[in-house]
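Spelled out from the first residue to the last, the chains are:
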Amino acid sequence: MAMLCSRTALRRLQPICVSQLKVAEGLTSSTPREMSTLPRVYVTRQIPPEGLKILRESGKVQFELWDSDDISVPRKELLQRVRGVDGLLCVLTEKIDAELLDAAGPNLKVLSTMSVGFDHLSLDQLKKRGIRVGYTPEVLTDSVAELTVALLLTTSRRLVEATHEAKTGGWGTWRTLWLCGYELANSTVGILGLGRIGVAIAERLAPFKVKKFIYTDVAPRPELASIINAEYVSFDELAKQSDFLAVCCALTPETKEICNKNLFSKMKNTSIFINTSRGGVVNQEDLYQALSTGQIAAAGLDVTVPEPLPTNHPLFTLKNCVILPHIASASYTTRNAMSALAANNLLLGLQGEPMIKELKL
Ligand SMILES: O=CC(=O)O
């Protein structure tokens, strides 16, 4: 596994990175003097080209990267590579905790994560050390909302089962109740955690003739709710009334496993449960029970605990559970926009400017 800028990466990264590589490897006499004074940055993943281009062409940082998108940087390697850096650009697979921040040391002033979620960051530790944090909301809203709708329809209309049957000889005569699912028309759609993504999902579902949108959150969010004409209800009412329940809340200590047997036991046995936020908000054993006993009709998950979910996990044995490998924001446009935003947040932070999207710690 190549670290720093490997030969293949160098071909992609163009000449400026060659001099950055020299800096990263230890200065050579031919390296321009000013390069050695540029802030040092470690990038924990081969991020999409837009972001790398911004870093490369800025002339404002020298960076090393973990030159792979297929394998995440091993923890030991990461702990070594971050030593003494001024900035860190990470993705959601890296746990940024006290151990890592200690390894990085006092130079670290800016962390930029290429994700909207920040449950992989120890915010209290970052705050304590005065490290500013950038993240990538909004640029992924459309992509995540699209995928959520796709997953909802795939799950409710049993598309995975259907293609499997068609391919494997299960397709006999046309049958009156075979592979029947549940439709959105006249349904009640519930949103657990109403933010930009929840609104975007509802906007896309409304043309399917949904009868009513309901939501719950720590408190009513009238401005957002008015965009989609959604009614604020209690957690229990959300469970009871929703024909489709979309989980859109962030993973926090308060929301950890909030979707558990208490929720599933109140849902209708015709209801569809969809999660594109974080796997940690669901108690997967309780979900398995609810699905396997017919307490709820089906579930579509883009996120699980752990990720990847082992292929022998019981949830994979269920026909009424559709599992995707955390791809909600995976469109070329969105991933490039996230990469660019993460790079710009980092550069702005290192210059002491307000970031485009900065977390308030
Ligand atoms: O899950 C994806 C993200 O947090 O951006």
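Thresholds applied
- Residues numbered from 1 in each chain as written.
- Predicted model: local features only at pLDDT ≥ 70, side-chain atom pairs only at ≥ 80, totals over all residues.
- Heavy atoms only, no water.
- Buried < 20%, exposed > 50% of the residue type's maximum accessible area, 1.4 Å probe, protein only.
- Helix = DSSP H or I, 4+ residues; strand = E, 2+ residues; numbered from the N terminus.
- Pairing = 2+ DSSP bridges.
- Right-handed = clockwise from strand over helix to strand, strands pointing away.
- Core = buried A, V, L, I, M, F, W, Y, C linked by side-chain atoms within 4.5 Å.
- Contact = heavy atoms within 4.5 Å.
- Near = heavy atom within 4 Å.
- Polar contact = N/O pair within 3.5 Å; in protein donor to acceptor, adjacent residues only side chain to side chain.
- Areas by Shrake-Rupley, 256 points an atom, 1.4 Å probe, with all protein chains shown as cover.
- Nonpolar A, V, L, I, M, F, W, Y, C, P; charged D, E, K, R; others polar.
- UniProt positions renumbered as here; feature names shortened; annotations may be inferred.
- Domains from an automatic or database assignment.
- Axes fitted to C-alpha atoms, helices over the stretch in contact; angles between N-to-C directions.

1. Focus: the pairing of strand S4 (residues 110-113)
Right, so step 1: Taking every second residue as pointing to the same face, both faces of S4 are buried, with Val110 and Ser112 on one and Leu111 and Thr113 on the other.
Right, so step 2: As paired elements, strand S3 (residues 87-90) and S4 share four bridges and run parallel to each other. Note on S4: the bridge partner recorded for Leu89 is Ser112.
Right, so step 3: Taken together, S3, helix H4 (residues 98-104) and S4 form a β-α-β motif whose crossover is right-handed.
Right, so step 4: As defined by bridge partners, S4 adjoins strand S5 (residues 132-134) across three bridges and the pair is classed as parallel.

2. Structural notes on the nonpolar core
Across soluble globular proteins, nonpolar side chains have a tendency to be buried as a group.
Right, so step 1: Counting residues in each nonpolar core, the largest one holds 50 residues, and the members touching the most others are Val43, Leu55, Phe63 and Leu205.
Right, so step 2: Sequence-distant contacts of Leu205, defined by excluding residues within four places in its chain, comprise Val149, Leu152, Leu184, Val189, Val210 and Phe213.

3. With respect to the site of the ligand
Right, so step 1: Taken together, Leu92, Ser115, Val116, Gly117, Leu140, Arg278, His326 and Met338 make up the full set of residues near the ligand.
Right, so step 2: Contact distances for the ligand include 2.7 Å between an oxygen atom and a side-chain N or O atom of His326.
Right, so step 3: Here the ligand loses 89% of its free accessible area of 190 Å² to cover by the protein chains.
Right, so step 4: Among the residues forming the shell around the ligand, the class breakdown is four nonpolar, three polar and one charged.

4. Here's the deal with the UniProt feature "domain: D-isomer specific 2-hydroxyacid dehydrogenase NAD-binding" (unreviewed entry) in the protein chain
Right, so step 1: Summarizing the sequence annotation, UniProt attributes the feature "domain: D-isomer specific 2-hydroxyacid dehydrogenase NAD-binding" (unreviewed entry) to residues 149-328 in the numbering used throughout.
Right, so step 2: Helix makes up 31% of residues 149-328 and strand makes up 16%, while its end C-alpha atoms are separated by 10 Å.

5. Some words on unusual backbone geometry
Right, so step 1: With omega at -5°, the peptide bond leading from Val305 into Pro306 counts as cis.
Right, so step 2: A cis amide bond, omega -5°, links Glu307 with the succeeding residue Pro308.
Right, so step 3: With respect to the helices and strands, Pro308 occurs in the loop between strand S11 (298-301) and strand S12 (321-323).
Right, so step 4: In this structure, Lys209 takes a positive phi of about 70° despite not being glycine.
Right, so step 5: When you line up the elements, Lys209 lands in the loop between helix H8 (196-205) and strand S7 (212-216).
Right, so step 6: A positive phi angle, close to 50°, is found at His326, a residue other than glycine.
Right, so step 7: Its location among the elements puts His326 in the loop between S12 and helix H13 (332-350).

6. Comments concerning the domain arrangement of the protein chain
Right, so step 1: Structurally, the protein chain comprises domain 1 (40-139 + 333-359) and domain 2 (159-167 + 181-319).
Right, so step 2: Using only C-alpha atoms to locate each centre, domain 1 and domain 2 end up separated by 31 Å.

7. Thoughts on the sheet that holds S5
Right, so step 1: The sheet built from five strands is open, its strands ordered S2-S1-S3-S4-S5 with parallel pairing. With partners counted over all chains shown, the strands left at the sheet margins are strand S2 (62-65) and S5, one partner each. The sheet shows a mean angle of 15° between the axes of neighbouring strands, taken without regard to direction.
Right, so step 2: Across the sheet, helix H2 (residues 49-58) lies against strand S1 (40-43), S2 and S3, angled at about 145° from S2, the strand it touches most.
Right, so step 3: Sitting on the sheet, H13 is in contact with S1, S3, S4 and S5, with an inclination near 170° to S4.

8. A look at the sheet that holds strand S8 (residues 230-232)
The strands that make up a sheet are held in pairs by hydrogen bonds between backbone atoms, and each pair lies either parallel or antiparallel.
Right, so step 1: The strand order across the open sheet formed by seven strands is S8-S7-S6-S9-S10-S11-S12, and the pairing between neighbours is parallel. Of all strands in the sheet, those with a lone pairing partner are S8 and S12, marking the two edges. The average undirected angle you get between the axes of adjacent strands in this sheet is 20°.
Right, so step 2: In the sheet, strand S9 (residues 244-247) pairs with strand S10 (residues 272-275) via four bridges, with the strands oriented parallel. Bridged to Val247 within S10 is Asn275.
Right, so step 3: In the packing of helix H12 (residues 284-292) onto the sheet, contacts are made with S10, S11 and S12, and the angle to S11 comes to roughly 140°.

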